[in-house]
Amino acid sequence: MAKTIIVSNRLPIRIEKEEEELIYKTSEGGLATGLGSIYKENDNIWIGWPGISLEKEEEQEVEEELINRNMRPVFLSESEVQEFYLGFSNQTLWPAFHYFIHHMRFKEKEWIAYMQANQKFADAISKWLEPDDTIWVHDYQLMLVPELLRNKFPNVTIGFFQHIPFPSYEVFRMIPWRKKLLNGLLGADFIGFHTYDDMRHFLSSCHRLAGYSYNRNQILVKNRLVEVDSLPMGIDYDKYAESAGSQLAKAKEISYRDSLGPQDLILSMDRLDYSKGIPGRLRAFEKFLGEYPEYQGRVSMFLIVVPSRDKVPSYKELKEEVEFLVGHINGKYGTINYVPIHFYYRSFPLDDLSAFYRMCKIAMITPNRDGMNLVSKEYIASRENVDGVLILSEMAGASKELSDALLVNPNDEAQMVLSIKTALEMPLSEQKRRMSSMQKTVQKYTIFQWVDLFINNLKDLKKRQLAMATKKLNSGLKEKLVEEFKKAKEPIIFLDYDGTLVPFHEDPNDCAPDEELTGILKKLSKIAQLVIISGRKAGNLDLWLSDLDIDLIAEHGIKVKRAGKDWEENENLISNEWKTEARSIMEFYIQRTPGAFLEEKDHTLVWHYRKVEKGLGDLRSRELSSHLKHFMTNKDLNVIDGDHVVEVKPSAINKGKASLERIKGQNYDYIMVFGDDRTDEDTFEALTDKAHTIKVGSGFSFAKFAVENHEEVRSLLQDMIDAK
Ligand SMILES: O=P(O)(O)OC[C@H]1O[C@H](O[C@H]2O[C@H](CO)[C@@H](O)[C@H](O)[C@H]2O)[C@H](O)[C@@H](O)[C@@H]1O
Ligand SMILES: O=c1ccn([C@@H]2O[C@H](COP(=O)(O)OP(=O)(O)O)[C@@H](O)[C@H]2O)c(=O)[nH]1
Ligand SMILES: [Mg+2]
């Protein structure tokens, strides 16, 4: 039976050594907590690091024990932990992806260790992999694993989920090995992020740093369709709700309350991490007690800091800073019977967490950056009486879903201070309204739905990849097509022009049909309806083809000329107002790019860079295309990255719609379509169940068949002529 292989740096257990004995403990962290229930099903396994360096004999013992628990360990040596985990993962990628650029460092040695460790994980996966398995790789520590697997197993199904933010291109490009990281990820079929912004940033980096063009959320990587999407991770809602409602949690709450006294409590709970904004939260609390002295003695902060990565210097410093601030605030505002901050530097099991979630009227979760933040969701699920207030940072992925929280910018101290006051004074009715709406959200979209959605998206994509993989048109298939054509009574053939009937040329005005082509078109027009369907200006087509007895469709369908008749313009057109702005953007890029030029059609604008120095042309076209995409949002325009062109056109017009319009109300018994680029995909898609669709060139396509070049097209057309 096909299985799912989950892979992450950390296994959902952590092994510790106490007096030579190995102890198995559950890991902290959202990922381990979240996927905990999935890998135990059927033959599924979870591959990862058990969190400890061991002797060889101990490794053997651990491996056997873990196999019984559906896990497979990847052991890391001390130096791998140092360079791959604490080094590149957590001192290059983590700070970069959380926008802490002053903490980033770039060490070649650590990058090499990262590559080697990723290879080690890929090898471990290969060992357990069977052909129909699905591999689901998690997180920034393993960005190279998808490509390493893809190189070895070209057809295997690979998903990747990124749990931390993906930074803006401006930050990501600072990493010297950025392109290798992107290509590593693009070995996956489906790549998920928590938020739309993360996915947008990733696509923009793929485009600008690695040269991939994308269409909506799809990227074509060496003929393989890769999809990117935003899938915010949820929690096991019932588990948290039930645990918080249990007798045990209630009893614990009562006993903690007895010792703590009656003050209101603000919960602060995170791993020790500079991204979590702990010092800023403490300072805001200090300021709050100073500005509103009436609250001294009436409200305390319940501060839990879970130890994490404490061998990294910046984490060590953070620990000292937190300890200093706690001491400072407790010294300043504490009294014999009032402790402003109750501080615990350790992790707690679920029962305790549930009691904490119950007893804190407020949860203050104010990271500077956070991929998602599950604590905020767990707090909501644990509020049995549908009350309490969540103060949540806008910089946490969770804020995109939890709009009924008191959202704050963690850098705005005045706002943070005020939010504490607002939360403490919020009327119960408002607390209930907000909490109930957030509970609905968190309950609706759980970890189980998240997993199903991810896996289903991945499987669905795999099916589409298979179905859409173009088939090379061999001689047998060609004969069949010709044979059917011979029998057809009402055949129609749609032919794209550039790249399909003629090769590309440096000067787009230099592509007049040669004698061979004119001959073919003349003969073919006597035995079938012929339609040239092109992105070209009407003027070009007119000049080259109007003597022939064929239909012309220009500018992707904006202008149409039936054989022997005059040009007609598609009346349902949108205005040309967008052109002024788009033209000025394109002109700005022409000034800076020797050799680039603008082609203006009646309803589209095209920026050509065929004559530009190679590297420069690629670079500028990517900048231009991002620039245009940004400016054109909500304007119903498409920006198309074509063959050495960037084209802007109204999205209401495309070759697909034009081809459907042409066959409307007719009874063609044989429809054939040839095309080579992105714009022809619309025709292939529109006519998919009616026509023989043929893509010219390699690469992913909606077309059923593929031929190599324009010569092969001409030869097939000649065969068809000869057959009739
Ligand atoms: O393995 P560690 O170095 O000890 O770190 C623990 C985990 O921290 C990160 O968690 C993230 O995933 C959460 C769930 O998607 C998300 O809510 C949170 O915002 C992230 O920071 C990290 O991504 C994991 O790989 C670590 O294992
Ligand atoms: O003492 C603790 C504190 C936290 N957690 C869990 O650790 C996870 C933290 O996940 P989050 O997404 O908030 O942050 P991360 O640590 O993954 O960045 C949550 O599921 C918490 O329930 C825990 O098990 N024990
Ligand atoms: Mg073409």
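Residues numbered from 1 in each chain as written. Chains lettered and ligands numbered in written order. Predicted model: local features only at pLDDT ≥ 70, side-chain atom pairs only at ≥ 80, totals over all residues. Heavy atoms only, no water.

Q: What is the right way to read the overall build of the protein chain from this model?
A: Of the regular secondary structure elements, the protein chain holds 25 helices and 30 strands. With respect to the principal axes defined by its C-alpha atoms, the protein chain has extents near 100 × 60 × 45 Å. Across the 724 residues in the protein chain, those meeting the buried criterion constitute 56%. For the protein chain, long-range pairs separated by at least 24 residues make up 71% of all intrachain contacts whose partners lie at least 6 apart in sequence. Accessible surface, the protein chain: about 30800 Å² in total, of which carbon and sulfur atoms supply 48%. Looking at charge distribution, the protein chain has the averaged site of its 95 positive side-chain charges lying 1 Å from that of its 112 negative ones. (Helix = DSSP H or I, 4+ residues; strand = E, 2+ residues; numbered from the N terminus. Buried < 20%, exposed > 50% of the residue type's maximum accessible area, 1.4 Å probe, protein only. Contact = heavy atoms within 4.5 Å. Areas by Shrake-Rupley, 256 points an atom, 1.4 Å probe, with all protein chains shown as cover. Lys, Arg positive; Asp, Glu negative; His and termini not counted. Charge placed at Lys NZ, Arg CZ, Asp CG, Glu CD.)

Q: How do you make sense of the nonpolar core when you look at a structure like this?
A: Within soluble globular proteins, side chains that are nonpolar tend to cluster in buried spots. Core analysis: the largest hydrophobic core is formed by 99 residues, its most contacted members being Leu 181, Phe 202, Leu 282, Phe 285 and Phe 288. The leading source of residues in this core is helix 3 (residues 78–97), at nine residues. In this structure, Leu 282 is in contact with Met 301, Leu 303, Val 322, Leu 325, Val 326, Ile 329 and Ile 341, ignoring residues within four places of it in sequence. (Core = buried A, V, L, I, M, F, W, Y, C linked by side-chain atoms within 4.5 Å.)

Q: Sorry if this is basic, but what is going on with the packing of helix 4 (residues 108–128) against helix 5 (residues 145–152) here?
A: Packing of helix 4 against helix 5 leaves a shortest axis separation of 9 Å and a crossing angle of 50°. By the angle between their directions, the pair helix 4 and helix 5 is classed as oblique. Where helix 4 crosses over helix 5, the two elements pack in a sense that is right-handed. On helix 5, the residues that touch Asn 118, Gln 119, Phe 121, Ala 122, Ile 125 and Ser 126 of helix 4 are Val 145, Leu 148, Leu 149 and Lys 152. Broken down by class, the residue content of the contact of helix 4 with helix 5 amounts to six nonpolar, three polar and one charged. (Axes fitted to C-alpha atoms, helices over the stretch in contact; angles between N-to-C directions. Parallel < 35°, antiparallel > 145°, perpendicular 65-115°, else oblique. Left-handed = near helix turned anticlockwise from the far one by under 90°. Nonpolar A, V, L, I, M, F, W, Y, C, P; charged D, E, K, R; others polar.)

Q: Any chance you could explain the environment of Arg 369 here in plain terms?
A: Note on placement: Arg 369 falls in the loop between strand 15 (362–365) and helix 14 (374–381). Accessibility expressed as a relative area gives 26% for Arg 369, which makes it partly exposed. Spatially, the C-alpha atoms of Arg 369 and Phe 100 are 9.2 Å apart, while their sequence positions differ by 269 residues. Other than its neighbours up to four places away in sequence, Arg 369 contacts His 98, Tyr 99, Ser 275 and Met 395.

Q: Would you mind going over the sheet that holds strand 27 (residues 645–650) with me for this structure?
A: What holds strands together in a sheet is hydrogen bonding between their backbones, with the strands either parallel or antiparallel. Pairing in this open sheet of four strands is antiparallel, and the strands run 24-25-27-26 from one edge to the other. Two strands close off the open sheet at either side, each with one partner strand: strand 24 (597–600) and strand 26 (637–641). With direction set aside, neighbouring strand axes in the sheet form an average angle of 15°. Bridge count for strand 24 against strand 25 (residues 605–608) is four bridges, and the pairing is antiparallel. The partner of Glu 599 across the bridge, within strand 25, is Val 606. (Pairing = 2+ DSSP bridges.)

Q: Any chance you could explain the sheet that holds strand 18 (residues 471–472) here in plain terms?
A: Sheet architecture is open: nine strands sit in the order 18-30-29-28-19-20-21-22-23, paired in mixed fashion. Only two strands of the sheet have a single partner each, and these edge strands are strand 18 and strand 23 (567–569). Contacting strand 18, strand 19 (491–495), strand 28 (670–675), strand 29 (691–696) and strand 30 (705–707), helix 18 (residues 475–487) runs over the sheet at an angle of about 135° to strand 28.

Q: What am I meant to see in the environment of Arg 583 here?
A: For Arg 583, the position within the fold is in helix 21 (residues 578–591). The class for Arg 583 is partly exposed, based on a relative accessible area of 24%. Along the primary structure Arg 583 and Thr 422 are separated by 161 residues, whereas in three dimensions their C-alpha atoms are 50 Å apart. In contact with Arg 583, not counting residues within four places along its chain, are Leu 598, Glu 600 and Leu 605.

Q: Just to check I follow, could you spell out the site of ligand 1 for this structure?
A: Near ligand 1 lie 19 residues; those nearest to it are Arg 10, Tyr 85, Asp 139, His 163 and Asp 370. At a separation of 3.1 Å, an oxygen atom of ligand 1 approaches a polar side-chain atom of His 194. In isolation ligand 1 exposes 560 Å². Once the protein is present, 94% of that is buried. Elements represented by at least two residues in the shell around ligand 1 include exactly helix 1 (30–35) and helix 3. Taken together, the residues of the shell around ligand 1 sort by class into eight nonpolar, six polar and five charged. (Near = heavy atom within 4 Å. Polar contact = N/O pair within 3.5 Å; in protein donor to acceptor, adjacent residues only side chain to side chain.)

Q: Just checking my understanding: could you explain the side chain of Asn 373 for this structure?
A: Checked against the element boundaries, Asn 373 lands in the loop between strand 15 and helix 14. A polar contact of 2.9 Å, which involves the side chain of Asn 373, links it to the side chain of Asp 370. From its side chain, Asn 373 meets the backbone nitrogen of Val 375 in a polar contact 3.2 Å long. When near neighbours in sequence (up to four residues on either side) are disregarded, Asn 373 contacts Lys 276, Ile 365, Ala 396 and Ala 398.

Q: Can you walk me through the packing of aromatic side chains in this structure?
A: Given two aromatic rings, their pairing is described by the distance between the two centres and the angle made by the two planes. Tallying each qualifying case throughout the model produces 36 aromatic pairs. An aromatic cluster of three or more residues is present, and its members are Phe 84, Phe 88, Trp 111, Tyr 114, Phe 121 and Trp 177. Between Arg 69 and the ring centre of Tyr 24, over which it is positioned, the NZ or CZ distance is 4.7 Å. (Phe/Tyr/Trp six-rings, centres within 6.5 Å; stacked < 30°, edge-to-face > 60°. Lys NZ or Arg CZ within 6 Å of the ring centre and 35° of its normal.)

Q: Just to check I follow, could you spell out the packing of helix 9 (residues 237–245) against helix 14 for this structure?
A: When two helices pack together, their arrangement is given by the angle between their axes and by how far apart the axes lie. With their axes 8 Å apart at the nearest point, helix 9 and helix 14 run at an angle of 55° to one another. In this view, helix 9 runs oblique relative to helix 14, as classed from their interaxial angle. Note on packing geometry: the crossing formed by helix 9 with helix 14 is right-handed. Taking contact as the criterion, the partners of Tyr 237, Tyr 240 and Ala 241 in helix 9 are, on helix 14, Glu 378, Ile 380 and Ala 381. The residue makeup of the contact of helix 9 with helix 14, split by class, is five nonpolar, no polar and one charged.

Q: Can you help me understand the pattern of salt bridges in this one?
A: Note on pairing: side chains with opposite charge can pair once their charged atoms come close. This model, assessed by the stated rule, comprises 54 salt bridges. A salt bridge links Asp 270 to Arg 281, with the nearest nitrogen and oxygen atoms 3.0 Å apart. Within this pair, whereas Asp 270 is found in strand 12 (residues 264–271), its partner Arg 281 is found in helix 11 (residues 278–291), the two being separated by eleven residues in sequence. The pair Asp 270 / Arg 281 is uniform in exposure class, with both members buried. One salt bridge in this structure joins Glu 413 and Lys 287, with 3.5 Å as the shortest N-O distance. In this pair, Glu 413 sits in helix 15 (residues 413–425) while Lys 287 sits in helix 11, placing the two residues 126 residues apart along the sequence. (Salt bridge = Lys/Arg side-chain N within 4 Å of Asp/Glu carboxyl O.)

Q: Which parts of the structure should I look at to understand the pairing of strand 16 (residues 389–393)?
A: The element strand 16 is extensively covered by neighbouring structure, given that five of its five residues are classed as buried. Residues Val 389, Ile 391 and Ser 393 of strand 16 are buried on one face, and the alternating residues Leu 390 and Leu 392, pointing to the opposite face, are buried as well. Examined bridge by bridge, strand 15 and strand 16 share four bridges and lie parallel to one another. Within strand 16, the position partnered with Ile 362 by the bridge is Val 389. On the question of chirality, the crossover connecting strand 15 to the parallel strand 16 by way of helix 14 is right-handed. Sheet topology note: the strand 16/strand 17 (residues 406–408) ladder contains three bridges and is parallel. By the bridge assignment, Ser 393 is partnered in strand 17 with Val 408. (Right-handed = clockwise from strand over helix to strand, strands pointing away.)

Q: What is the right way to read helix 23 (residues 655–663) from this model?
A: Of the residues making up helix 23, those classed as buried are Lys 655, Gly 656, Ala 658, Ser 659, Arg 662 and Ile 663. Buried residues of helix 23, viewed axially, fall in a sector of 165°; they line one side. As for helix 23, its buried residues are in contact with strand 19, strand 20 (529–533), strand 21 (551–554), strand 28 and helix 24 (678–686). (Arc of directions from axis to C-beta.)

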